[in-house]
Amino acid sequence: MSPSRGELASPRDQARDSRKFGACLVLLRLRAANPTEWAQHEGASESKQRFSESGCVLFWEIRVLKHSSQDTAFPIFLERAGVRNEIRSYRLMQQSVLAELGRAALQSRDISIVLQRATALCAKGLDAPFATAMEFVSCDQRLQVRAGYGWPGSIEQASFAVDSGSAAGRAFQTGQAIMINRGPGDGRFEPPGLLADRGIRRSISVRIDRGGRGGGYFGVLQVDSPDPGRFDEADTVFLAAAADIVGIAVERVHEELRLREALDHQAMLTREMGHRVKNSLASVVAMLRVQAFGTDLAEAKLALGEAGSRVAAIAQVHDHLSHASQIGTIDLDVFLTDFGRRLQRVAGAHVLRCDADPMRLPADHAVPLGLLINELVSNAVKHAYPGRDGPIDISARDVDGCLHLSVADQGVGLPDGFDIDRPRASLGFRMIKGMAQQLRGRLTVGPNQPTGTRILFALPLLPSTDGASPAAARVTADRRALVVAQ
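Bear in mind that the values here come from a model prediction, so they are computed numbers and not experimental data.

## Quick look at the side chain of T236
The residue T236 is located in helix 6 (residues 233-293) in this model. For T236, a relative accessible area of 9% gives the class buried. T236 has contacts with A177, M179 and I204, leaving out every residue within four places of it along the chain.

Shown next as structure tokens:
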């Protein structure tokens, strides 16, 4: 009996058919009673090889002299160094594709971009012209195409039923990889019209499972090819690994979205709280003003007015915090500009000039800093220009990692022998010193040029020491103590 020769395959398909064994697979049909008789025919009288253009063995035919009544077929594996090298290169290429997919999945926060990149890379890794990523839509019980590679037009409009009649549906239902190498006897699944129109002969479908604690299933990753040849189990393992990477990326993006929504909700609550505190303090200010209007005592009227001004300053700080660009911090230049507008309304004809470097401060510094500025400006309005008006300058500078906040005027200056450290009965000065101590800064008072008074508040602005080594923390603490002591 002459051997069955079949169609000639390409070198890549031969390598794909035999890559698990590292050699070309050749079927010999021998007229022998059993395979053990092979040893008796090593000296067969006639043998020949046929080669493809690339030199890879297509089949090996041996005619045996001894005849028998039975036909026995069994495989022989011929070691070919060129085929082994091609298989090794093919597998290394697949590993490189998985690494590239992992990088793309980590770099993107857009699921559509991840899916599109995954289809292109999976098609490359399996040497196939088509690939598809589908998402399960629970309300329709269908697999909706979200990304595709190699398909003409907009494939995102296509969808497939989740049933056992399609490879993608069976893969999603069972969680098992479905591999099809379509031939005359392979009728397990009816190809959808989209695949049939392209003459798809072989495909692999794997389910995309979401990673993380939530679990669940995202959809199906499928690779298709109309070319002759065969996919094997190693190709299935490759596509399953790619689906795992996609599933983890999908879950990461969903978790980040949920976290972002939670943070946005928290920020909304924080801003709402600040807004309500501001409204409550505004009610307190209104009550103090009503009380001041209803009293005939000058000292009580003045005290109630000053108390209302201080509460209004705190309310202004909370209003700024409720509109801050970042929860938990304040932009000092924006804060000082807004705060200066409010102080201008109570400064009368005095002109307030504010200038600040861009700096970010912790939100817990806002209230004591606002009260400190309010008291310094109020003191300048009262005492700097007796019987006349004049400018009052508020500035904030970043000097070698230290905030220098100054309030200066060009008025009559300080009285002789003035000492800020001497105990005073004035509530304003006691509050100024108290706020400076609360912020752990240092307050200095001196003459302004050419005339007037300049009050400087120095506050260290040091980076956070969270996670720093003990030595670094000690250096930071020593530096803070040195700055405050200067």
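Next comes the rest of the description.
## What to know about the confidence of the model for the protein
Scored by pLDDT, the protein has a mean of 75; 73% of the residues are at 70 or more. Across the protein, the element-wise mean pLDDT spans from 34 in strand 1 (residues 23-30) up to 93 in helix 3 (residues 111-125). Here residues 1-12 scores under 50 on pLDDT; set against residues more than four positions off or in separate chains, the count is 19 contacts. In this model residues 14-79 is a low-confidence stretch, pLDDT under 50, and it forms 130 contacts with partners more than four residues away in sequence or in other chains.

## Notes on helix 3
Helix length check: helix 3, at 15 residues, gives a terminal C-alpha distance of 21 Å against a target of 21 Å (1.5 Å per residue), a fit within 8%. Following helix 3 by one or two positions, D127 adopts a phi angle in the positive range, close to 55°.

## Some remarks on the side chain of D409
Considering the arrangement of structural elements, one finds D409 in strand 15 (residues 402-409). Although D409 is buried, it forms no salt bridge, and the closest oppositely charged side chain is R388 at an N-O distance of 7.7 Å. For D409, the contacting residues outside a window of four places in its chain are A380, A384, Y385, P391, N448, T451, G452 and T453.

## Concerning the nonpolar core
One finds L332, L369, I373, A396 and F457 to be the most contacted residues of the largest nonpolar core, which totals 39 residues. Secondary structure elements with two or more residues in this core: helix 7 (298-322), helix 8 (332-346), strand 12 (351-356), helix 9 (366-383), strand 14 (391-398), strand 15, helix 10 (427-438) and strand 17 (453-460). Tallying contributions element by element places helix 9 first for this core, with eight residues. Those residues within four positions of F457 in sequence are excluded, and the remaining contacts are L369, L372, L403, H404, L405, A436, L439, G441, R442 and L443.

## Things to note about the packing of aromatic side chains
For the coordinates displayed, the defined rule picks out four aromatic pairs. Aromatic side chains F172 and Y217 sit 6.1 Å apart centroid to centroid with 85° between the ring planes, which places their arrangement in the edge-to-face category. Within this pair, whereas F172 is found in helix 4 (residues 167-174), its partner Y217 is found in strand 10 (residues 217-225), the two being separated by 45 residues in sequence. A relative accessible area of 9% means that F172 is categorised as buried. Members of the aromatic cluster, connected to one another through ring pairs, are F136, F172 and Y217. Lying over the aromatic face of Y217, R207 brings its terminal NZ or CZ to 3.7 Å of the ring centre.

## As for the pairing of strand 17
Burial of strand 17 is extensive: seven of the eight residues sit out of reach of the surface. Bridging between strand 15 and strand 17 involves seven bridges; their strand directions are antiparallel. Note on strand 17: the bridge partner recorded for V407 is I455. Where strand 16 (residues 442-447) lies against strand 17, six bridges are found, and the strand directions are antiparallel. Among the inter-strand pairings, T444 is bridged to a residue of strand 17, identified as L456. In this structure, the hairpin formed by strand 16 and strand 17 is closed by a connection of five residues, where G452 is found at a positive phi of approximately 105°.

## Observations concerning the packing of helix 7 against helix 9
The N-to-C vectors of helix 7 and helix 9 enclose an angle of 140°; their axes lie 9 Å apart at closest approach. Looking at the two axes, helix 7 sits oblique to helix 9. The two elements helix 7 and helix 9 cross, and the hand of that crossing is right-handed. Here E306, S309, R310, A313, I314, V317, H318 and L321 of helix 7 come into contact with helix 9, specifically with A366, V367, G370, L371, N374, E375 and K382. Grouping the amino acids of the contact of helix 7 with helix 9 by side-chain chemistry returns seven nonpolar, four polar and four charged.

## Regarding the sheet that holds strand 15
Strands in a sheet are paired, the pairing made by backbone hydrogen bonds, and the direction either parallel or antiparallel. One open sheet accounts for five strands, arranged 12-14-15-17-16; its pairing is mixed. Each end of this open sheet is capped by a strand with a single partner; those strands are strand 12 and strand 16. Along the sheet, successive strands turn relative to each other by an average axial angle of 15°, direction set aside. Packing against the sheet, helix 8 makes contact with strand 12, strand 14 and strand 15, and its axis sits at approximately 175° to strand 12.

## With respect to the pattern of salt bridges
One pass over the structure, following the stated rule, counts 18 salt bridges. Note that D393 and R353 form a salt bridge whose closest N and O atoms lie 2.5 Å from each other. Here the residue D393 occupies a position in strand 14, and R353 occupies one in strand 12, the gap between them amounting to 40 residues. For D393, a relative accessible area of 24% gives the class partly exposed. Of the charged contacts, one joins D357 and R397 as a salt bridge, the two residues approaching to 3.5 Å between their closest N and O atoms. Of this pair, D357 sits in the loop between strand 12 and strand 13 (360-362) while R397 sits in strand 14, placing them 40 residues apart in sequence. Among the residues examined, D357 registers a relative accessible area of 24% and is labelled partly exposed. Connected via shared salt-bridge partners are E306, R310, E375 and K382.

Rules behind the numbers
- Residues numbered from 1 in each chain as written.
- Predicted model: local features only at pLDDT ≥ 70, side-chain atom pairs only at ≥ 80, totals over all residues.
- Heavy atoms only, no water.
- Helix = DSSP H or I, 4+ residues; strand = E, 2+ residues; numbered from the N terminus.
- Buried < 20%, exposed > 50% of the residue type's maximum accessible area, 1.4 Å probe, protein only.
- Contact = heavy atoms within 4.5 Å.
- pLDDT = per-residue confidence, 0-100.
- Expected span 1.5 Å × (residues − 1).
- Lys, Arg positive; Asp, Glu negative; His and termini not counted.
- Salt bridge = Lys/Arg side-chain N within 4 Å of Asp/Glu carboxyl O.
- Core = buried A, V, L, I, M, F, W, Y, C linked by side-chain atoms within 4.5 Å.
- Phe/Tyr/Trp six-rings, centres within 6.5 Å; stacked < 30°, edge-to-face > 60°.
- Lys NZ or Arg CZ within 6 Å of the ring centre and 35° of its normal.
- Pairing = 2+ DSSP bridges.
- Axes fitted to C-alpha atoms, helices over the stretch in contact; angles between N-to-C directions.
- Parallel < 35°, antiparallel > 145°, perpendicular 65-115°, else oblique.
- Left-handed = near helix turned anticlockwise from the far one by under 90°.
- Nonpolar A, V, L, I, M, F, W, Y, C, P; charged D, E, K, R; others polar.

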